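Structural description and commentary
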Amino acid sequence: MEVVIVPDAKAGGELVADAMAQLLRRKPDALLGVATGSTPLPVYQALAAQVCSGAVDTSRARVAQLDEYVGLPADHPESYRSVLRREVLEPLGIAPASFMGPDGTAEDVQAACDAYDRQLGEAGGVDLQLLGIGTDGHIGFNEPCSSLVSRTRIKTLTEQTRKDNARFFDGDVEQVPHHVITQGIGTILEARHLVLLATGAGKADAVAATVEGPVAAVCPASALQMHPHATVVVDEAAAAKLEHADYFRYTFAHKPDWQGI
Ligand code: GLP
């Protein structure tokens, strides 16, 4: 995997937005896999600025959701479908018809998960999947000890993740659903390019385990080590526990300009 250390969250957002813009120039109907949480926001803001300036055309772009709470109505402000409409589709000018995601309100949750996996395959697969990381190393909502070959399915959140996400529910952990649908780790690994973005000191341990630890289900993000094109973009604070930080800086500084991430 490639590790890129950037000065701050804004620079990380710009780097990833540039990669998405380059992809859209090469493939205007690319399927972008998007993540929720605070970390990806600078990416969406930087890409929206490029759309506004006319540097990139998103009119044919397609967007796929990574995960969803079970039981929140689709129009609940914190359902990930609503969050992505607000933070991604509207600012990037992408039509709701170009969006795909699992149905968190389905009566038969597993059937909804299977249908979503099929839909992703029929759409030709995700071209670039943006990922955040949980403080426990989760990607999507694949909590520690998730199968590394898992498909989209229902998961139970750890108490830590519910506490971490309570800030989106008026700080009230009781309002955070216990159950979620998430693309499985095996599903995520099918995307052509994985880009994991992590910022802030709170992610430093998870980043070190992801990049320099063993491939192990206890740190779901470590599965990225098995992907032929995975890029981990971290700010200085999130990179603080990487033993090979100097090597990562050296390789990126000497990369040919044309190569991109
Ligand atoms: C949630 C999402 C993840 C995200 C994580 C980290 O659990 N399901 O996809 O990576 O939060 O969020 P943040 O970027 O806000 O730290």
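Throughout what follows, the structure given in this document is the object of discussion. (Residues numbered from 1 in each chain as written. Predicted model: local features only at pLDDT ≥ 70, side-chain atom pairs only at ≥ 80, totals over all residues. Heavy atoms only, no water.)

Around the ligand lies a shell of 14 residues, among which S38, T39, D67, R167 and K203 are the nearest. D67 places a polar side-chain atom, nitrogen or oxygen, 2.7 Å from a nitrogen atom of the ligand. The contact in question runs from an oxygen atom of the ligand to an N or O atom on the side chain of K203, over 2.6 Å. Burial of the ligand by the protein chains amounts to 93% of its free accessible area of 390 Å². Residue composition of the shell around the ligand, grouped by class: 3 nonpolar, 8 polar and 3 charged. (Near = heavy atom within 4 Å. Polar contact = N/O pair within 3.5 Å; in protein donor to acceptor, adjacent residues only side chain to side chain. Areas by Shrake-Rupley, 256 points an atom, 1.4 Å probe, with all protein chains shown as cover. Nonpolar A, V, L, I, M, F, W, Y, C, P; charged D, E, K, R; others polar.)

Now for the pairing of strand 9 (residues 193-198). Counted residue by residue, strand 9 has 6 buried out of 6 residues, so it is predominantly covered. A two-sided burial pattern is seen for strand 9, the buried positions comprising H193, V195 and L197 on one face and L194, L196 and A198 on the other. Of the pairings in the sheet, the one linking strand 9 to strand 10 (residues 230-235) comprises 5 bridges and is parallel in character. Paired with V195 across the bridge in strand 10 is T231. Regarding the hand of the β-α-β motif, the stretch spanning strand 9, helix 7 (residues 204-212) and strand 10 is right-handed. (Buried < 20%, exposed > 50% of the residue type's maximum accessible area, 1.4 Å probe, protein only. Helix = DSSP H or I, 4+ residues; strand = E, 2+ residues; numbered from the N terminus. Pairing = 2+ DSSP bridges. Right-handed = clockwise from strand over helix to strand, strands pointing away.)

Judged by which residues are buried, strand 2 (residues 31-34) turns out to be covered on both faces: L31 and G33 on one side and L32 and V34 on the other are all buried. Pairing of strand 2 with strand 3 (residues 62-65) involves 4 bridges; the strand directions are parallel. Residue pairing across strands places V34 opposite Q65, the latter belonging to strand 3. A crossover connection joins strand 2 to the parallel strand 3 through helix 2 (residues 41-52); in handedness this β-α-β unit is right-handed. Inspection of the sheet shows strand 2 paired to strand 6 (residues 128-131) by 2 bridges, in the parallel sense. Bridge pairing in strand 6 links L32 to L128.

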